[in-house]
Amino acid sequence: SSRVVDLCVIPEMHVDLDKLLAYVEELMATKGNAVIVITDGCTDSLRNAGKGPGDNEDVGIWMRDEILAHFKEIKKPLTIKYIDPTYMIRAVPANAQDSIYCSLLAQH
């Protein structure tokens, strides 16, 4: 991995799920891979757009399932490696080892 994010979904932006799925489809057709980052705060943006996870549903898992369903619908194979960093982040100040650890996560 080059440590570059292809798509970053943040709460401050309007999220159009159809455009997002089309962009992911384009990335897979041109690059063959994509790194997508989505924050927990995006749940409301997705609901306001008419689609979105349920009240107690994790937005990352919901987005993964939406992307997989889209690719199944268009009959294109897709494998997603979903990483939830919630359990990997320490509640202490970052140090040099954290930089190395983040690099390893990005590469694998």
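The structure contained in this document is the topic of the report that follows. Predicted model only: the values in this text are computed from it and were never measured.

**Comments concerning the pattern of salt bridges**
With the rule as written, the count across this model stands at three salt bridges. A salt bridge links Asp6 to Lys31; the shortest N-O distance between them is 2.5 Å. With Asp6 in the segment before strand E1 (7-9) and Lys31 in the loop between helix H1 (17-30) and strand E2 (36-38), this residue pair connects regions lying 25 residues apart in the sequence. Lys31 gets classed as partly exposed once you look at its relative accessible area, which sits at 43%. Across the pair Lys76 and Glu25 runs a salt bridge whose closest N-O atoms are separated by 3.5 Å.

**Structural notes on a nonpolar patch on the surface**
A contiguous nonpolar surface patch, about 180 Å² in accessible area, is contributed by Val5, Val35 and Val37. Here Val35 is to be found in the loop between H1 and E2. For Val35, a relative accessible area of 32% gives the class partly exposed.

**Digging into the side chain of Asp6**
Using a relative accessible area of 16% as the deciding quantity, one classes Asp6 as buried. Within the local environment of Asp6, its side chain forms a polar contact with the side chain of Lys31, the two groups lying 2.5 Å apart. Reaching out from Asp6, the side chain makes a polar contact with the backbone nitrogen of Val35 at a distance of 2.8 Å. The contact partners of Asp6, leaving out residues within four places of it in the chain, are Tyr23, Leu27, Lys31, Asn33, Ala34 and Val35.

**Considering unusual backbone geometry**
The backbone phi angle of Lys75 is positive, close to 60 degrees, even though this residue is not glycine. Inspection of the secondary structure puts Lys75 in the loop between helix H3 (59-73) and helix H4 (96-107).

Rules and cut-offs
Residues numbered from 1 in each chain as written. Predicted model: local features only at pLDDT ≥ 70, side-chain atom pairs only at ≥ 80, totals over all residues. Heavy atoms only, no water. Salt bridge = Lys/Arg side-chain N within 4 Å of Asp/Glu carboxyl O. Helix = DSSP H or I, 4+ residues; strand = E, 2+ residues; numbered from the N terminus. Buried < 20%, exposed > 50% of the residue type's maximum accessible area, 1.4 Å probe, protein only. Patch = residues over 30% accessible without salt bridge, like charges linked within 9 Å, V, L, I, M, F, W, Y side chains within 5 Å. Areas by Shrake-Rupley, 256 points an atom, 1.4 Å probe, with all protein chains shown as cover. Polar contact = N/O pair within 3.5 Å; in protein donor to acceptor, adjacent residues only side chain to side chain. Contact = heavy atoms within 4.5 Å.

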